[in-house]
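# Structural characterization, general
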Amino acid sequence: MQTPTEETEIRKGLDDLVQALRAKDIEALMAHYAAATVVFDIRPPLRIESADAYRKNFEAWFASVDGPMDYEVHELLVTVRDDVAFCHSLCHVRSKRTNGEKADYWVRVTSGLRKMSDHWMITHEHISMPIDLRTMQAQPEFQS
């Protein structure tokens, strides 16, 4: 059963993850991912099968951003059952790229977590960006 304590713990962990993203603090960020995390990301490689490999994606992303990034989580839903949890949200990302361009886009994030040694760890993540199927381009409200 879902308990308010478990959901509160997960939400706190996700808040800490967001703070790490904003600060581009790779160590604090990766502390939220289990070693065997499987990820489907929008940035190649599109399928990632370990936290170590996912770390490389974050390092490349952070290196492409000049200064801190603004990362907001909207409509977060958390469902907890025993030692597994499921979360999804819409996230708004804004930053300045190292080439001077501004980035401003939305992504959908779905995360699966397991309680491991009394800590909630992300074991699966799927990041997607809505597209217009006719043009295969990001929908206007989701473009940078």
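The rules we used
- Residues numbered from 1 in each chain as written.
- Predicted model: local features only at pLDDT ≥ 70, side-chain atom pairs only at ≥ 80, totals over all residues.
- Heavy atoms only, no water.
- UniProt positions renumbered as here; feature names shortened; annotations may be inferred.
- Helix = DSSP H or I, 4+ residues; strand = E, 2+ residues; numbered from the N terminus.
- Salt bridge = Lys/Arg side-chain N within 4 Å of Asp/Glu carboxyl O.
- pLDDT = per-residue confidence, 0-100.
- Phe/Tyr/Trp six-rings, centres within 6.5 Å; stacked < 30°, edge-to-face > 60°.
- Buried < 20%, exposed > 50% of the residue type's maximum accessible area, 1.4 Å probe, protein only.
- Pairing = 2+ DSSP bridges.
- Disulfide = S-S within 2.5 Å.

- An unreviewed UniProt entry annotates the protein as SnoaL-like domain-containing protein of Mesorhizobium escarrei.

## Let's talk about the UniProt feature "domain: SnoaL-like" (unreviewed entry) in the protein
- According to UniProt, the "domain: SnoaL-like" (unreviewed entry) feature falls on residues 11-131.
- Here residues 11-131 is 26% helix and 50% strand, with 28 Å between the C-alpha atoms at its ends.

## Regarding the pattern of salt bridges
- One pass over the structure, following the stated rule, counts eleven salt bridges.
- Residues K115 and E9 are paired through a salt bridge, measuring 3.7 Å at the closest nitrogen-oxygen approach. Note that K115 is positioned in strand β5 (residues 102-116) and E9 in helix α1 (residues 4-23), a separation of 106 residues in sequence.
- Three or more residues are tied together by salt bridges with common partners; here these are E6, E9 and K115.

## With respect to the confidence of the model for the protein
- Overall, the prediction assigns the protein a mean pLDDT of 91, with 92% of residues at 70 or greater.
- Least confident of the elements in the protein is strand β8 (residues 137-138), whose mean pLDDT is 66; most confident is helix α2 (residues 26-30), at 98.

## Description of the packing of aromatic side chains
- Across all of its chains, the model carries six aromatic pairs by this definition.
- Centroid distance Y54 to F58: 4.5 Å. Interplanar angle 50°. Geometry classified as tilted. Taken together, the residues Y54 and F58, both in helix α3 (residues 51-63) and four residues apart, mark about one turn of the helix. With respect to class, Y54 is no different from F58; both count as buried.
- Centre to centre, the rings of F58 and W61 are 6.4 Å apart; their planes meet at 35°, and the pair counts as tilted. Here F58 pairs with W61, and both are found in helix α3, just three residues apart, close to one helical turn. W61 matches F58 in its accessibility class, with the two residues each being buried.
- The structure contains a cluster of three or more aromatic residues connected by ring pairs, namely Y33, Y54, F58, W61 and F62.

## Description of the pairing of strand β1 (residues 33-40)
- Pairing geometry for β1 and strand β6 (residues 119-128), over four bridges, is parallel. By the bridge assignment, Y33 is partnered in β6 with I122.
- Two strands pair when backbone bridges link them, and β1 and strand β2 (residues 47-48) are joined in this way by two bridges, in the antiparallel orientation. Each residue of the ladder has a partner; that of F40, found in β2, is R47.
- Counted along the chain from β1 to the antiparallel partner β2, the turn is six residues long.

## A word on the state of the cysteines
- Tallied over the full model, the rule gives zero disulfides.
- Not part of a disulfide, C87 finds its nearest cysteine sulfur in C91, a span of 11 Å.
- Relative accessible area serves as the criterion here: at 3%, C87 is assigned to the buried category.
- A relative accessible area of 2% places C91 in the buried class.

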